[in-house]
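Residue-level structural notes
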Amino acid sequence: LADLYDNSLGKTVPQPNAPAGPDELPKLSAGWTLLDDKLYGTQVAIPPGWTPRVRGGAALCIDPDDVEKAGAFFVPVLLKQRIRPDELADNLDEILSRSMPDYQTRTESRPTEDSVQRSLTGTSGGTRVAGTYRAIVSRSGMGFIMGYLAPPERLEQLRPMFHEILGSYRFVGPKIRLQPFK
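Below or above, wherever it landed, is the structure these notes cover. (Residues numbered from 1 in each chain as written. Predicted model: local features only at pLDDT ≥ 70, side-chain atom pairs only at ≥ 80, totals over all residues. Heavy atoms only, no water.)

As for the pairing of strand S11 (residues 142–150)
Rules: Buried residues are those whose accessible area, probed at 1.4 Å on protein chains only, stays under 20% of the maximum for their type, while exposed residues exceed 50% and partly exposed ones sit between those limits. Strands are runs of DSSP state E lasting at least two residues, helices are runs of H or I lasting at least four, and both sets are numbered from the N terminus onward. One requirement defines pairing of two strands: DSSP has to find at least two bridges between them.
Of all nine residues that make up S11, seven are buried, and the element is covered over most of its length. Relative to S11, strand S7 (residues 71–78) is paired through eight bridges, and the arrangement is antiparallel. From the neighbouring strand, Pro-76 faces S11, where its bridge partner is Phe-144. Where strand S10 (residues 127–137) and S11 come together, eight bridges link them in antiparallel fashion. Bridging from a neighbouring strand, Ala-130 pairs with Ala-150 of S11. Two successive antiparallel strands, S10 and S11, enclose a turn made up of four residues, where Gly-141 displays a positive phi of approximately 95°.

As for helix H2 (residues 152–168)
Selection rule: Helix span, as expected, comes to 1.5 Å for every residue beyond the first. Bend angle per residue: angle between axes fitted to the 7 residues ending at that residue and the 7 residues starting there.
The end-to-end C-alpha distance of H2, which contains 17 residues, comes to 24 Å, matching closely the 24 Å that a straight helix rising 1.5 Å per residue would cover. Its axis deflected by about 55° at Leu-158, H2 carries its strongest bend there, up to four residues before the proline Pro-160. For H2, the full list of buried residues reads Leu-155, Leu-158, Arg-159, Phe-162, His-163, Ile-165, Leu-166, Gly-167 and Ser-168.

Remarks on the side chain of Ser-115
Short version of the rule: In protein, a polar contact requires one atom able to donate a hydrogen and another able to accept it; more generally it is a pair of N or O atoms within 3.5 Å, and residues adjacent in sequence count only if both atoms are side-chain atoms. Any two residues whose heavy atoms approach within 4.5 Å are treated as being in contact.
Relative to the helices and strands, Ser-115 is located in strand S9 (residues 115–124). Looking at Ser-115, its side chain comes within polar contact range of the side chain of Thr-112, at 2.9 Å. Every residue in contact with Ser-115, bar those within four places of it in the chain, is listed here: Pro-85, Arg-110, Arg-134, Ala-135 and Ile-136.

Regarding helix H1 (residues 85–99)
Residues spaced three or four apart along an α-helix point in a common direction, a consequence of the helix completing one turn every 3.6 residues. For H1, which comprises 15 residues, the first-to-last C-alpha distance of 22 Å matches the rise-based estimate of 21 Å (1.5 Å per residue) to within 8%. Residues of H1 that are buried sit in contact with S7, strand S8 (104–109), S9, S10 and S11.

What to know about the side chain of Gln-43
Within the element layout of this structure, Gln-43 appears in strand S4 (residues 42–46). A polar atom in the side chain of Gln-43 sits 3.4 Å from the side chain of Asp-36. For Gln-43, the side chain forms a polar contact with the side chain of Arg-170, separated by 2.8 Å.

So, the packing of aromatic side chains
Keep this limit in mind: Pairing of aromatic rings covers Phe, Tyr and Trp, the last counted by its six-membered ring, and requires centre-to-centre distances within 6.5 Å; plane angles under 30 degrees mean stacked, over 60 mean edge-to-face, and any other angle means tilted.
As enumerated under the stated definition, the model contains four aromatic pairs in all. An angle of 15° between the planes, with centres 4.6 Å apart, marks the rings of Phe-74 and Tyr-169 as stacked. Taken together, the positions of Phe-74 in strand S7 and Tyr-169 in the loop between H2 and strand S12 (170–171) put the pair 95 residues apart, joining distant regions of the chain. Both residues of the pair, Phe-74 and Tyr-169, belong to the buried class. What links up through ring pairs into an aromatic cluster is the set Trp-50, Tyr-148 and Phe-162.

Observations regarding unusual backbone geometry
You will see that Lys-69, though not glycine, has its phi angle at about 60°, which is positive. Assessed through its relative accessible area of 33%, Lys-69 is described here as partly exposed.

See below:
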């Protein structure tokens, strides 16, 4: 997932410093903290001045405190059956078009056979937003969507931070086992 490719800039985003072993924490930029969710088995780096939030009961969003309608987002999707990445992206587009009537999207690339990357624009709560996202379908049948959006006038300024956040996301496996109710 860390191999983000940004077609608008035409370059590959540098990989974050990966740890030597699965139980080691990733190296963080100065001032950043690690959100380590042991229940779901995910980790993501949070820069200073940004806040993690869960939206809609499913999307983890990392939002800058000083910019409205901006943030990086991560959405895991448990699929009932194996689908193509385009179908997963189409489902997200359908959901977003309900809340943003002027929502538009365009396929930018297919970085792997299991993923599709799309750019997006729309108006959210009276604010114009633009961004990009990638829909991924794993061989195990799990779906995953990650991306970012911001007001267009702030997008270029925030893009490097978005890439670092997205590039830091890791699935390390759950560390807590839930016990059934008795």
